[in-house]
Amino acid sequence: MTRLLKVSGPDDRTILEAAAILVAGGLVAFPTETVYGLGADGLNPEAVARIYSAKGRPATNPVILHVADVAGAQALVSEWPETARLLAERYWPGPLTLVLPASEAVPSIVRAGGPTVALRCPAHPVALALIRAVGRPLAAPSANRSQHLSPSLALHVVSSLGQAVDLVLDGGATEAGLESTILDLSGARPRILRPGPITPAELARTIGDLETWEGVVEAGQRQDAPGMAERHYSPQARLELVDRGKGLSATSGTVAYVGFGTLPALPIGVRGVLLPLDAEVVGTRLYALLHELDDAGFARIVMERPPEGEAWLAVRDRLQRASAKERV
Ligand code: AMP
Ligand code: MG
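Quick summary incoming for the structure in this document. (Residues numbered from 1 in each chain as written. Chains lettered and ligands numbered in written order. Predicted model: local features only at pLDDT ≥ 70, side-chain atom pairs only at ≥ 80, totals over all residues. Heavy atoms only, no water.)

Our focus in this paragraph is helix 6 (residues 125-134). One full turn of an α-helix is made of 3.6 residues, so residues set three or four places apart face in the same direction. Taken across its 10 residues, helix 6 has seven buried, putting it largely inside the fold. Taken together, the buried positions of helix 6 are Val126, Ala127, Leu128, Ala129, Leu130, Ile131 and Val134. Residues of helix 6 that are buried in the fold lie against helix 1 (14-23), strand 2 (28-31), strand 4 (64-66), strand 7 (138-139) and strand 8 (167-170). (Buried < 20%, exposed > 50% of the residue type's maximum accessible area, 1.4 Å probe, protein only. Helix = DSSP H or I, 4+ residues; strand = E, 2+ residues; numbered from the N terminus. Contact = heavy atoms within 4.5 Å.)

What follows concerns the sheet that holds strand 14 (residues 300-304). Reading across from one edge, 11-14-12-13 is the order of the four strands in this open sheet, with parallel pairing throughout. Where the open sheet ends on each side, the last strands, each with one partner, are strand 11 (238-242) and strand 13 (271-275). The sheet shows a mean angle of 20 degrees between the axes of neighbouring strands, direction not considered. Sheet topology note: the strand 12 (residues 255-260)/strand 14 ladder contains four bridges and is parallel. By the bridge assignment for strand 14, Val258 is matched with Met303. Packed on one face of the sheet, helix 9 (residues 279-295) meets strand 12, strand 13 and strand 14 and runs near 165 degrees to strand 13. (Pairing = 2+ DSSP bridges. Axes fitted to C-alpha atoms, helices over the stretch in contact; angles between N-to-C directions.)

Here the largest pocket is characterised by a volume of approximately 680 Å³. For the largest pocket, the lining is made up of 46 residues, of which Arg57, Pro62, Ile64, Ile182 and Arg194 are closest to its centre. Broken down by secondary-structure element, the contributors of at least two residues to the lining of the largest pocket are strand 3 (36-41), strand 4, helix 5 (108-111), strand 6 (116-120), strand 9 (181-184) and strand 10 (191-194). The greatest single-element share of the lining of the largest pocket, amounting to four residues, is contributed by strand 6. (1 Å grid on protein atoms, 1.4 Å probe; cavity = no way out; pocket = protein on both sides within 12 Å on 5 of 7 lines; lining within 4 Å. Points joined across faces, edges and corners; volume = space filled by probe spheres on them.)

What follows is about the side chain of Ser323. Turning to its location among the elements, Ser323 is positioned in the segment after helix 10 (313-322). Classification of Ser323 by relative accessible area gives buried; the value is 16%. Looking at Ser323, its side chain comes within polar contact range of the main-chain oxygen of Gln320, at 3.1 Å. Contacts of Ser323, omitting those with residues within four sequence positions, involve Leu239 and Leu241. (Polar contact = N/O pair within 3.5 Å; in protein donor to acceptor, adjacent residues only side chain to side chain.)

Below, the structure written as structure tokens:
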């Protein structure tokens, strides 16, 4: 059985127990404000290697290091540009990951062999307390098997990773739902590598010039930044993105139809799920909803394409990838 301990807050003694496991090179799943992370000592290459094998994650996909403050980040980079200073001041702790030239302290496996490191300071009291208790940065990708749906509950971690994790800290449901926005500050111009809860317009207000996202948002497009695999974040059910009211003709098996704003007339037997026309709300609920539909045993989830517009960028991106066909 995987050990699962409830954690009530940053002063809970379970955090010290978790920190001891991490210091010894073990794996601990813990809540962040986005999704549950699978944590390991980010400066211990063997511990980070255990993350890759637990997740079945390809070695070409680097991991994000989680720090408790700006000083923790500065120790891991060879440059801390003005843009990083401004963004960290404005958005940390929070769902923004910064990619910067790595210092020699960062093991190669964390960087997937590249010259840069991705850094984030999570806005969750338990995550911050755990990083501080360990006294080192924590590598912590989402606590699920590679390509699968990210966990918004401790139970999702247990069902996805099972024995591979030494301890799961159960801090209840996570809040923001979608993974952090990733911004690359290592090149000539800041560039978004993954859209997320913080939008390009918000980032532009802080740093001005910025290269916006051109990733897998339209069907058939391919993104080749490291780790931006086409199929990702997928539920067990077959997820299809459709134009409003379409895709319901061949209804074999149990089908859920997810609409935005209002629902069209649905065939008998199709379960309707209504989401509001509010990108932020949908972002926070998306993974929990897909998990619920999976757990309820739906074989197909037919979902309306979300609206156009920048506010919906991260939701469109995750749905596009969650619905991408398996590549063989
Ligand atoms: P996650 O699996 O949610 O922890 O996200 C990790 C993602 O961050 C990876 O899939 C990469 O796309 C991105 N990432 C991590 N480190 C780097 C890096 N050094 N350069 C570019 N992207 C990175
Ligand atoms: Mg992930």
